[in-house]
Amino acid sequence: MGARELLSRGAGAALDSFRDDPLTIPGDLCIRQKDCIIFDFELVTSSVVSELLRDNLGTVLEIVRKTYVQHRDGLTVNPDSLFLKFPEKKSARIIALPAFIGGDIRAAGIKWISSFPENIDNDVPRASAVLVLNDYETGYPAACLEAAGISAARTAASAALAAKTLRPEGYRDSTIAVIGAGVIARTICDHLVAAGCRPQKFLVHDLNPQSGQALVQHLTERLSERAATTDLDSALAADTVVFATTAATPYVSTPFRPGQLVLNISLRDIAPEVVLASANILDDIDHCLKANTSPHLAEQLCGSRDFVTGTLADVLVGAIAVPAGKPLIFSPFGMGVLDIAVGSFVYERARSAGRSIRVPEFFAAAGRW
């Protein structure tokens, strides 16, 4: 039995093969030495992750769509995220997102992602992350992937899916404003264009003029879109507004107009009064109404969840219609199941292409006695 077949059957199948024939060494999944079973471990580096994500934008969008529906159908386990904060670094945090997704993926794991906004002052990316995937049969960690790219891609695909779903009339003769011009914003723009959400013009606003101009250059030179920098008020007046900032507290208090679509990706830019005056679509209601997100502040202000229209998955399956007559805000808290689903795809593609890095005998002396 080859290693690829063993991987597809899971490490549990590998263990069964050892019991049936203890002299067999079935490839590179695990090895029996005397009374020990030794599991290898695999790594997937940033360059490989980035290439696979860049070459599969449409596939990632479909994975995110399918995962949202599976989550709605109860085929996932997505516990609350755990926030590690620091007394002397008020803006910094590291977040643990464990999750399991069933269905045809049947994968578990955890993303460990740091957000250190002060990195930006030194021209270092704000976020860094790893994703550990566990074998479902044995629970053994099977791989570790660089995951800042995976996290950005699933966030961007979520935004693009919402943009496509919640504005069914399309984007011709419209404007999309992107507020915040970092890695997440750039990745969102990539996915918007790949999803066919191509406006007449992109508007970009960032407190750092160099960052704003860099995103405009990416849009014009790499994506062949019309784009220009603008002031905050003009950005807020666009037909579609994308928030991708590091804001910790709300600063937008002007209500949006009916017909505007707001992709509230950074979650904390909008005052609760503005949220309450809008229709609201979330990714997961329980998850999004916490950690002082704008929807959470709205819940605290009004004392109920009646302002929540439903979830994006509700719209995807036709359980609710796209709300009309009000501004529409999509707020995704970001779910670990999306990281597991996208990460599993990247891992399988990297492994099948021989581009994962094996760490032999990572788990040694795995026998019980």
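All values derive from a computational prediction rather than experimental measurement.

A. Representation of the pairing of strand β9 (residues 175-179) within the structure. Across the five residues that make up β9, a large majority, four, are buried. Both β9 and strand β10 (residues 201-205) contribute to a ladder of five bridges, which runs parallel. Note that in β10 the partner of I176 across the bridge is F202. What joins β9 to β10 is helix α6 (residues 183-194), and the crossover it makes is right-handed. The sheet contact formed by β9 and strand β12 (residues 240-243) spans four bridges and is parallel. Paired with I176 across the two strands is T240, which belongs to β12.

B. Seen up close, the pattern of salt bridges. A complete count under the given rule lists 14 salt bridges for this structure. Two residues, K111 and D339, come together in a salt bridge whose shortest N-O distance is 3.1 Å. Of the two residues, K111 sits in strand β6 (residues 107-115) while D339 sits in helix α13 (residues 336-352), which places them 228 residues apart along the sequence. The exposure class assigned to K111 is buried, which follows from its relative accessible area of 2%. We classify D339 as buried; its relative accessible area is 1%. One continuous salt-bridge network, built from bridges that share partners, spans K111, R154 and D339.

C. Structural context of unusual backbone geometry. The backbone of A291 sits at a positive phi, close to 60 degrees, despite the residue not being glycine. Tracing the sequence through the fold places A291 in the loop between α10 (285-288) and α11 (294-302). A positive phi angle is found at E361, which is not glycine, with a value near 55 degrees. Mapped onto the elements, E361 comes out in strand β17 (residues 357-363).

D. Geometry of α6. The end-to-end C-alpha distance of α6 is 17 Å, a good match for the 16 Å that 12 residues give at a rise of 1.5 Å each. When you tally the buried positions in α6, you get nine out of 12 residues, the bulk of the element. Looking at α6, one finds that the buried residues are I184, A185, T187, I188, C189, D190, H191, L192 and V193. The secondary structure elements touched by the buried residues of α6 are α4 (57-72), α5 (148-166), β9, β10, α7 (209-222) and β12.

About the criteria used
Residues numbered from 1 in each chain as written. Predicted model: local features only at pLDDT ≥ 70, side-chain atom pairs only at ≥ 80, totals over all residues. Heavy atoms only, no water. Buried < 20%, exposed > 50% of the residue type's maximum accessible area, 1.4 Å probe, protein only. Helix = DSSP H or I, 4+ residues; strand = E, 2+ residues; numbered from the N terminus. Pairing = 2+ DSSP bridges. Right-handed = clockwise from strand over helix to strand, strands pointing away. Salt bridge = Lys/Arg side-chain N within 4 Å of Asp/Glu carboxyl O. Expected span 1.5 Å × (residues − 1). Contact = heavy atoms within 4.5 Å.

Any functional reading would require information beyond the geometric quantities listed.
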